[in-house]
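Inside the fold
Letter by letter, the chains look like this.
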Amino acid sequence: MNNKEYTVSEVIDSFGMNKHTWLMFMLLALAMILDGYDFMVVNSTNMFVAHTFWPDNPNPGALMGSLTTWGLLGMVIGGAIGGILSDRIGRKKMLIIAVMFYGFFALPQAFSNDLAFFAAFRLIAGLGVGSCIPIVTTVFAETMPSKHRGLFIACGQACMVGGWVVAGLVANPICNAEVPLLGDFTNAVTYIATTAAGETVEQTMYANWRLCYLIGGIPLVYGIVLFFLMKETPHWYANAGRFDDAVKVLADIERVSLGTETKRDPSCLVVPSRPKKTTPSVLFSNKYIIGTCAIWSLYFVGQFCVYGMNAWLPAWFSGIGYSPSEAVALQAWNNFAAIISNSAAGFISDRVGRKRNLLGAWVLCAAAIAICSIFVAPNQFLFCIGLMLLFGFSLNYAITSVNLLMPEQYPTAIRNTGVAWRQAFARFGGSASSIVLGGIAGMAAFQTIGGTTNWSLVVLVLIVPFVLGFICALLFVRDTNGKSMDQLANEATGDELSGTAPFAIMLAIVVILFSLCIVCPLAISGWSKLPIALPLMATGMLLPFAFFFIFGGKQLAKDAGKK
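Below you will find a few notes about this structure. (Residues numbered from 1 in each chain as written. Predicted model: local features only at pLDDT ≥ 70, side-chain atom pairs only at ≥ 80, totals over all residues. Heavy atoms only, no water.)

This part takes up the overall build of the protein. In terms of regular secondary structure, the protein is built from 20 helices and two strands. Against the globule reference of 24 Å for 563 residues, the protein gives a C-alpha radius of gyration of 23 Å, in line with a compact fold. Overall size of the protein, expressed as C-alpha extent along the three principal axes, is 80 × 55 × 40 Å. With 563 residues in all, the protein has 60% of them scored as buried. Put simply, 82% of the contacts in the protein that link residues at least 6 apart link residues at least 24 apart. Seen as two clouds, the 34 positive and the 29 negative side-chain charges of the protein have centres 8 Å apart. (Helix = DSSP H or I, 4+ residues; strand = E, 2+ residues; numbered from the N terminus. Rg over C-alpha atoms; globule rule 2.2 N^0.38 Å. Buried < 20%, exposed > 50% of the residue type's maximum accessible area, 1.4 Å probe, protein only. Contact = heavy atoms within 4.5 Å. Lys, Arg positive; Asp, Glu negative; His and termini not counted. Charge placed at Lys NZ, Arg CZ, Asp CG, Glu CD.)

Here you go:
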């Protein structure tokens with residue numbers, strides 16, 4: 001037996017790319033595809049669901065946007081809880097629970113006839129969806145060789161977006177079918193619609209969108225597959241003090257993948273020291289606050305823009321004269337480009353560095369937003385496909401570049417808590433974005449002479465958060481690519497018990513954001529028409545950035561003083 005000291009990262013890196021690497025990739029990739037489908041199916045069906053719930057309302061606005069919001073709110077809660085539980089009970093157990101959970105609760109959504117029923121089960125299913133994504137990101141970080149870590153995390157995100165594309169490809173023919181696909185279950189609906197000229201007309205469709213949510217129950221079966229084929233990560237075992245289990249998993253990987261088996265002494269396994277506390281407040285201590293500011297701010301911007309526009313892309317193109325089928329197809333092209341960009345982000349980031357990659361991504365996004373806003377036009381379907389490829393590539397390249405940083409900011413004991421709480425916070429941006437953009441779209445300043453929404457002008461609003469994101473990337477991001485997870489954990493220094501006050505302030509900001517950007521638009525009739533609405537919503541969206549600049553900037557100044 002070799003009595004030399006070693007770390008889990010060193011052993012995993014010594015294996016290189018192997019059979020276990022690819023098995024884990026395939027298992028996690030499919031989990032992300034199913035997760036992506038469950039999320040995006042509501043955006044691909046929202047026009048048809050809206051016609052069913054509000055047949056007499058040709059422009060449901062914020063109500064239609066809220067169809068996306070409920071799932072995102074569930075993801076906020078699920079991600080926050082699931083991240084903590086994953087650090088407690090293990091990655092494998094929590095992933096299986098999450099996958100089967102959202103698969104089970106997708107089914108009742110097919111039977112919805114009003115917003116209350118749909119919203120309730122959309123929120124509950126979101127608990128599982130929100131838990132799944134950060135766990136998969138964390139498992140990729142803990143099982144892949146260090147020099148390829150960014151690529152695999154990015155490919156995992158690409159698979160999630162692949163689920164978005166699958167949702168569009170499935171929903172488009174199903175929702176636009178001219179016959180009921182499941183008999184009386186997919187009943188005929190007569191509704192009032194608005195034409196591109198601003199006229200209201202009566203139309204009829206079938207509620208075939210219900211079938212899309214029945215398909216969303218497939219993860220129930222996939223959870224069983226994960227139970228038998230997936231292994232717990234040796235990083236988690238080692239951090240939990242289960243050194244024998246960690247060594248056994250490492251031996252199993254080596255035997256199956258390389259055909260050899262090295263005897264390793266569990267007592268020689270070196271594990272980075274655990275934080276004194278493992279509650280979410282540690283993320284805001286001066287030891288981790290800069291990393292937290294980096295990934296929370298950037299992902300908040302990304303979620304706001306990506307989820308907000310995905311919720312409204314079909315309405316944008318329908319509003320300028322494209323058919324519902326063409327509108328959903330253009331959304332699918334937007335998401336198809338995201339698959340390519342996600343994979344490219346990981347490959348390029350591993351080579352040029354995290355920070356340089358992020359800064360370039362943010363500049364590209366601002367340019368793409370301006371180009372699409374100016375050049376999207378009616379009767380140019382093929383040209384709009386090209387614009388959506390650019391739009392989808394740039395936005396998703398940026399958000400995936402942030403994902404690569406997530407698991408690299410924290411040690412194993414709080415890694416999934418950090419990843420999950422960052423995603424949970426950012427989803428407030430995503431939850432609010434569909435409502436905020438819907439509210440902006442209803443304001444007089446964003447209306448055409450014919451009374452329809454000038455979506456090209458609304459899209460330009462997205463440049464503001466991307467400018468803020470660029471500044472945050474410039475200030476807070478550090479390069480972490482190529483370093484092992486154990487090495488990154490040992491580099492962090494500072495007091496771990498200093499985060500209680502900043503954490504409490506951030507929670508207060510979240511409450512304000514939730515109230516101004518989600519509750520008020522839904523609870524107050526005609527909210528978007530009130531003169532004070534836009535300033536208040538803007539305040540809610542900007543408060544987190546004030547926090548990042550104050551607390552992150554303060555710590556940057558302290559660190560600079562020490563140097």
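Now that the structure has been shown, the text picks up again.
Further remarks concern the pairing of strand E1 (residues 188–194). Along E1, the buried face is formed by Val189, Tyr191 and Ala193; none of Ala188, Thr190, Ile192 and Thr194, which line the opposite face, is buried. As paired elements, E1 and strand E2 (residues 200–206) share seven bridges and run antiparallel to each other. Across the sheet, residue threonine 194 finds its bridge partner in E2, namely threonine 200. (Pairing = 2+ DSSP bridges.)

Let us look at the nonpolar core. Residues Trp296 and Phe317 are the most contacted members of the largest nonpolar core, which totals 162 residues. Counting residues per element, this core draws most heavily on helix H11 (residues 289–319), at 21 residues. Beyond its immediate sequence surroundings of up to four residues, tryptophan 296 is in contact with Leu283, Phe284, Tyr410, Gly418, Trp421, Arg422, Phe425, Met506 and Phe548. One finds Ala238, Val247, Val249 and Leu250 within the second-largest nonpolar core, a separate group that totals 15 residues. (Core = buried A, V, L, I, M, F, W, Y, C linked by side-chain atoms within 4.5 Å.)

Applying the stated criterion across every chain, the model contains six cavities of 30 Å³ or more. Here the largest cavity defines a volume of roughly 90 Å³. Breaking the lining of the largest cavity down by element, the ones donating at least two residues are helix H9 (234–239) and helix H15 (412–441). Tallied by class, the residues present in the lining of the largest cavity amount to nine nonpolar, four polar and two charged. There is about 70 Å³ of room inside the second largest cavity. As for the second largest cavity, its lining consists of Ile12, Phe15, Gly16, Asn18, His20, Thr21, Thr143, Pro145, Pro234 and Ile253. Elements supplying a minimum of two residues to the lining of the second largest cavity: helix H1 (8–15) and helix H2 (19–53). (1 Å grid on protein atoms, 1.4 Å probe; cavity = no way out; pocket = protein on both sides within 12 Å on 5 of 7 lines; lining within 4 Å. Points joined across faces, edges and corners; volume = space filled by probe spheres on them. Nonpolar A, V, L, I, M, F, W, Y, C, P; charged D, E, K, R; others polar.)

For the rest of this paragraph, the subject is the pattern of salt bridges. Taken as a whole, this structure holds 15 salt bridges when the rule is applied. When the shortest N-O distance is used, the salt bridge between arginine 122 and aspartate 38 registers 3.9 Å. Linking arginine 122 in helix H5 (residues 115–143) with aspartate 38 in helix H2, this pair joins segments that are 84 residues apart in sequence. Here arginine 122 matches aspartate 38 in class, with each residue buried. (Salt bridge = Lys/Arg side-chain N within 4 Å of Asp/Glu carboxyl O.)

In this fold, glutamate 496 is placed in the loop between helix H18 (485–491) and helix H19 (500–523). Among the polar contacts listed, one links the side chain of glutamate 496 to the side chain of lysine 287, at a separation of 2.8 Å. (Polar contact = N/O pair within 3.5 Å; in protein donor to acceptor, adjacent residues only side chain to side chain.)

This brings us to the packing of H15 against H19. Between H15 and H19, whose axes approach to 9 Å, the crossing angle comes to 25°. Here H19 runs roughly parallel to H15, going by the angle between their axes. For the element pair H15 and H19, the recorded crossing hand is left-handed. Along its contact with H15, which presents Trp421, Phe425, Phe428, Ser431, Ala432, Ile435 and Val436, the element H19 presents Phe503, Met506, Leu507, Val510, Leu513, Phe514, Cys517, Ile518, Pro521 and Leu522. (Axes fitted to C-alpha atoms, helices over the stretch in contact; angles between N-to-C directions. Parallel < 35°, antiparallel > 145°, perpendicular 65-115°, else oblique. Left-handed = near helix turned anticlockwise from the far one by under 90°.)

In this section: helix H20 (residues 533–562). End to end, H20 covers 44 Å across 30 residues, agreeing with the expected 44 Å (1.5 Å per residue, within 8%). Listed as buried for H20 are Ala533, Met537, Gly540, Met541, Pro544, Phe545, Phe547, Phe548, Gly552 and Gln555. In this structure, the buried side of H20 is in contact with H11, H15, helix H17 (463–476) and H19. (Expected span 1.5 Å × (residues − 1).)

We describe a pair of aromatic rings using the distance from one ring centre to the other and the angle between the two ring planes. Enumeration over the complete set of coordinates arrives at 35 aromatic pairs. Judged by centre distance (6.1 Å) and plane angle (90°), the rings of phenylalanine 425 and phenylalanine 548 are edge-to-face. With phenylalanine 425 in helix H15 and phenylalanine 548 in helix H20, this pair connects stretches of sequence that are 123 residues apart. We note that phenylalanine 425, like phenylalanine 548, is buried. What links up through ring pairs into an aromatic cluster is the set Phe284, Trp296, Phe300, Trp421, Phe425, Phe503, Phe545, Phe547, Phe548 and Phe551. (Phe/Tyr/Trp six-rings, centres within 6.5 Å; stacked < 30°, edge-to-face > 60°.)

Our focus in this paragraph is unusual backbone geometry. Of note, asparagine 379 is a non-glycine position whose phi angle comes to about 60°, a positive value. Turning to its location among the elements, asparagine 379 is positioned in the loop between helix H13 (354–375) and helix H14 (381–403). For asparagine 379, a relative accessible area of 76% translates into the label exposed.

What follows covers the packing of H11 against helix H12 (residues 324–352). As a packed pair, H11 and H12 sit with axes 8 Å apart at the nearest point and diverge in direction by 140°. Between H11 and H12, the angle falls in the class oblique. Here the hand of the crossing between H11 and H12 comes out right-handed. Of H12, the residues touching H11 (which contributes Asn310, Leu313, Pro314, Phe317 and Ser318) are Pro324, Ala327, Leu330, Gln331, Asn334 and Asn335.

Moving on, we get to a nonpolar patch on the surface. Taken together, the side chains of Met17, Trp22, Leu23, Met26, Ile224, Val225, Phe227, Phe228 and Leu229 define a hydrophobic patch exposed on the protein surface, amounting to about 890 Å² of accessible area. Of all the elements in the fold, those that place two or more residues in the nonpolar patch are H2 and helix H8 (219–229). No other element matches the five residues that H8 contributes to the nonpolar patch. (Patch = residues over 30% accessible without salt bridge, like charges linked within 9 Å, V, L, I, M, F, W, Y side chains within 5 Å. Areas by Shrake-Rupley, 256 points an atom, 1.4 Å probe, with all protein chains shown as cover.)

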